[in-house]
Amino acid sequence: GGATAEVVGDTALQQEYSTFGSTRTLASTDRTTTTVTNDTMRCIATFTFSGNPGDVKEAGLFDAASVGNMCSRKTFAAITGIVAGNTLQCSWKIQV
């Protein structure tokens, strides 16, 4: 999944994994400063894998644990060879 680059209007990941610890997880959030005090929301999600879900090529930021709206999608070079105990941390900064 995730072979096609992200575009404005994407509403879902190309391939949303649901096994081996790759399901949606609650991100920690805070505010940080980019230009003026507290003008940027920061979300950090950490996935801890219990096995290999396959090559990971994209991540998304959603407003719900299932269904919901995708607020952001990012593709990247495939992360391969995932084994139990590996973690992946995804971070988004959204300036408002």
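Higher on the page you've got the structure.
Residues numbered from 1 in each chain as written. Predicted model: local features only at pLDDT ≥ 70, side-chain atom pairs only at ≥ 80, totals over all residues. Heavy atoms only, no water.

Caption draft 1: The overall build of the protein, seen in detail. Of the regular secondary structure elements, the protein holds zero helices and five strands. If one aligns the C-alpha atoms of the protein with their principal axes, the spans along those axes are about 40 × 30 × 25 Å. Residue burial in the protein is summarised as follows: out of 96 residues, 26% are buried. Counting only contacts in the protein whose residues sit at least 6 apart along the sequence, the fraction spanning at least 24 positions is 63%. Summing over all exposed atoms, the protein offers an accessible surface of approximately 6000 Å²; the carbon and sulfur share of this is 52%. (Helix = DSSP H or I, 4+ residues; strand = E, 2+ residues; numbered from the N terminus. Buried < 20%, exposed > 50% of the residue type's maximum accessible area, 1.4 Å probe, protein only. Contact = heavy atoms within 4.5 Å. Areas by Shrake-Rupley, 256 points an atom, 1.4 Å probe, with all protein chains shown as cover.)

Caption draft 2: View of the environment of aspartate 63. In this structure, aspartate 63 sits in the loop between β3 (56-62) and β4 (70-79). Once residues within four sequence positions are removed from consideration, aspartate 63 is found in contact with Gly68, Asn69 and Cys71. One polar contact links the side chain of aspartate 63 to the main-chain amide nitrogen of asparagine 69, over a distance of 2.7 Å. (Polar contact = N/O pair within 3.5 Å; in protein donor to acceptor, adjacent residues only side chain to side chain.)

Caption draft 3: How the structure looks around the packing of aromatic side chains. Going through the model one piece at a time under the given rule, you end up with zero aromatic pairs. Across from the ring centre of phenylalanine 62, 3.7 Å away, lies the NZ or CZ of arginine 24, which sits over that ring. (Phe/Tyr/Trp six-rings, centres within 6.5 Å; stacked < 30°, edge-to-face > 60°. Lys NZ or Arg CZ within 6 Å of the ring centre and 35° of its normal.)

Caption draft 4: Inspection of the sheet that holds strand β2 (residues 40-48) at higher detail. Spatially, the three strands line up as an open sheet ordered β1-β2-β5, and their pairing is antiparallel. With one partner strand each, in any of the chains shown, β1 (28-32) and β5 (87-95) form the two edges of the open sheet. Each strand of the sheet is rotated relative to its neighbour by a mean of 20 degrees, with strand direction disregarded. (Pairing = 2+ DSSP bridges. Axes fitted to C-alpha atoms, helices over the stretch in contact; angles between N-to-C directions.)

Caption draft 5: Region of the structure containing the pattern of salt bridges. Going through the model one piece at a time under the given rule, you end up with five salt bridges. The shortest N-O distance in the salt bridge between lysine 74 and glutamate 6 comes to 3.2 Å. Taken together, the residues span a long stretch of sequence, with lysine 74 in strand β4 and glutamate 6 in the segment before β1 at a distance of 68 residues. Since its relative accessible area comes to 27%, glutamate 6 is described here as partly exposed. The residue glutamate 16 makes a salt bridge to arginine 24 at a minimum N-O spacing of 2.7 Å. Under the relative-accessibility criterion, arginine 24 is labelled partly exposed at 23%. One salt-bridge network, in which partners are shared between bridges, spans Asp10, Glu58 and Arg73. (Salt bridge = Lys/Arg side-chain N within 4 Å of Asp/Glu carboxyl O.)

Caption draft 6: The pairing of β2, seen in detail. Here β1 runs beside β2; their pairing, made up of five bridges, is antiparallel. The partner of threonine 29 across the bridge, within β2, is cysteine 43. Note that β2 and β5 share nine bridges and pair antiparallel. Considered in β5, the bridge of cysteine 43 is made with tryptophan 92.

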